[in-house]
Amino acid sequence: MKPPAAASEREFEQLFKEHFKSLYAYAFTILKNEAIAEEIVQNVFYKVWEKKIPDTIQISLKAYLYKAVYHESLNYLKHQKIKARYQLHVMQQSNNHTDQGASRKILVKELEEKLREAMNALPQQCRTIFQLSRFEGLKYQEIAEQLGISVKTVENQMGKALKQLRVKLIDYLPIFMLALFYI
């Protein structure tokens, strides 16, 4: 696929600037989660950018965007509900067939392993900043001073780390939630 022309880029940027905030607010009212709402809206704009929209939209582009955000949000919620039900079923089956103490230990080990794998996939600086913030409890200013970088760099790296971890661990979120509840 060839890159869009400069005029198309400007049009897309204008469309994005014009509608992102309101679409984000709309998605947030449905999802009640800032990060997921932002991701949903970005997915919709990505599809627009990639021209994965009908060539002939029978309604206004604004209405199309709202409808797309609505459907993406509902699909996300349905997917989460199915995953949670499945994870609950798996945990109930596990509890029925094995010793609960052993089952919990296995679950905790599996979750720790998945987190460790996801963290090891992060770039070194990103991983270091994440560990200093989340595991050592340092503030961004303290991390910046310790590493000799700007606070803005720390913020950017933390955002990058959280986004990558969320993407890598999204399938394990229901397990994390159940583990917190049962352990």
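As shown above, the structure is provided for reference.
Computed from a predicted model, the values in this text were never measured in an experiment.

Draft legend 1. How the structure looks around the overall build of the protein chain. Scanning the protein chain from N- to C-terminus turns up eight helices and zero strands. For the protein chain, the α and β elements follow one another from N to C terminus as α-α-α-α-α-α-α-α. A sequence separation of at least 24 residues applies to 65% of the contacts in the protein chain between residues at least 6 apart.

Draft legend 2. Local environment of the nonpolar core. Ranked by size, the top nonpolar core spans 18 residues in total, and within it L31, V41, F45, L65 and V69 carry the most contacts. If you list the elements that add at least two residues to this core, you get α1 (6-31), α2 (34-49) and α3 (61-97). If one sorts the elements of this core by residue count, α2 sits on top with seven residues. Every residue in contact with V41, bar those within four places of it in the chain, is listed here: F20, L23, Y24, A27 and V69.

Draft legend 3. Representation of the pattern of salt bridges within the structure. Within this structure, the stated rule accounts for five salt bridges. Among the ionic pairs, E155 bridges to K152, the shortest N-O distance being 3.9 Å. Pair noted here: E155 and K152 are both in helix α7 (residues 151-169), with a separation of three residues, about one helical turn. On the basis of relative accessible area, K152 is assigned to the exposed category, the value being 51%.

Draft legend 4. Quick look at the packing of aromatic side chains. A full pass over the atoms with the stated rule returns eight aromatic pairs. With a centroid separation of 6.2 Å and 15° between ring planes, the pair formed by F20 and Y24 is classed as stacked. Within this pair, F20 and its partner Y24 are both found in helix α1, separated by four residues, close to a single helical turn. You can call F20 buried: its relative accessible area is 17%. Each ring, one from Y24 and one from F28, has its centre 6.4 Å from the other, and the planes form 25°; the classification is stacked. Placement of the pair is Y24 and F28 together in helix α1, with a separation of four residues, close to one helical turn.

Draft legend 5. Molecular detail of the environment of E39. Turning to its location among the elements, E39 is positioned in helix α2. By relative accessible area, E39 is classed as partly exposed at 28%. For the pair E39 and S73, spaced 34 residues apart in sequence, the C-alpha separation works out to 9.8 Å.

Draft legend 6. Here's a closer look at the side chain of S73. Following the sequence through the fold, S73 ends up in helix α3. With near-sequence residues (within four places) excluded, S73 lies in contact with A27, I30, L31 and I40.

Draft legend 7. Seen up close, the environment of L147. Relative to the helices and strands, L147 resides in helix α6 (residues 140-147). Considering only alpha carbons, one finds L147 and I129, 18 residues apart in sequence, at a separation of 8.7 Å. Not counting chain neighbours up to four residues away, the residues in contact with L147 comprise T128, I129 and L132.

Draft legend 8. Summary view of the packing of helix α5 (residues 124-134) against α6. The contact between α5 and α6 brings their axes to 10 Å, and the two run at 135°. Relative to α6, the element α5 is oriented oblique. For α5 against α6, the interelement crossing comes out right-handed. For the pair α5 and α6, the contacting residues are T128, I129, L132 and S133 in the first and Y140, I143, Q146 and L147 in the second. Taken together, the residues that form the contact of α5 with α6 break down as five nonpolar, three polar and no charged.

Draft legend 9. Quick peek at the packing of α6 against α7. Where α6 contacts α7, the axes come no closer than 8 Å and their chain directions differ by 110°. Taken as axis vectors, α6 and α7 run roughly perpendicular relative to one another. By crossing handedness, the relation of α6 to α7 is classed as right-handed. Contact residues: Y140, Q141, I143 and A144 in α6; V151, V154, E155 and M158 in α7.

Reading the values: the criteria
Residues numbered from 1 in each chain as written. Predicted model: local features only at pLDDT ≥ 70, side-chain atom pairs only at ≥ 80, totals over all residues. Heavy atoms only, no water. Helix = DSSP H or I, 4+ residues; strand = E, 2+ residues; numbered from the N terminus. Contact = heavy atoms within 4.5 Å. Core = buried A, V, L, I, M, F, W, Y, C linked by side-chain atoms within 4.5 Å. Buried < 20%, exposed > 50% of the residue type's maximum accessible area, 1.4 Å probe, protein only. Salt bridge = Lys/Arg side-chain N within 4 Å of Asp/Glu carboxyl O. Phe/Tyr/Trp six-rings, centres within 6.5 Å; stacked < 30°, edge-to-face > 60°. Axes fitted to C-alpha atoms, helices over the stretch in contact; angles between N-to-C directions. Parallel < 35°, antiparallel > 145°, perpendicular 65-115°, else oblique. Left-handed = near helix turned anticlockwise from the far one by under 90°. Nonpolar A, V, L, I, M, F, W, Y, C, P; charged D, E, K, R; others polar.

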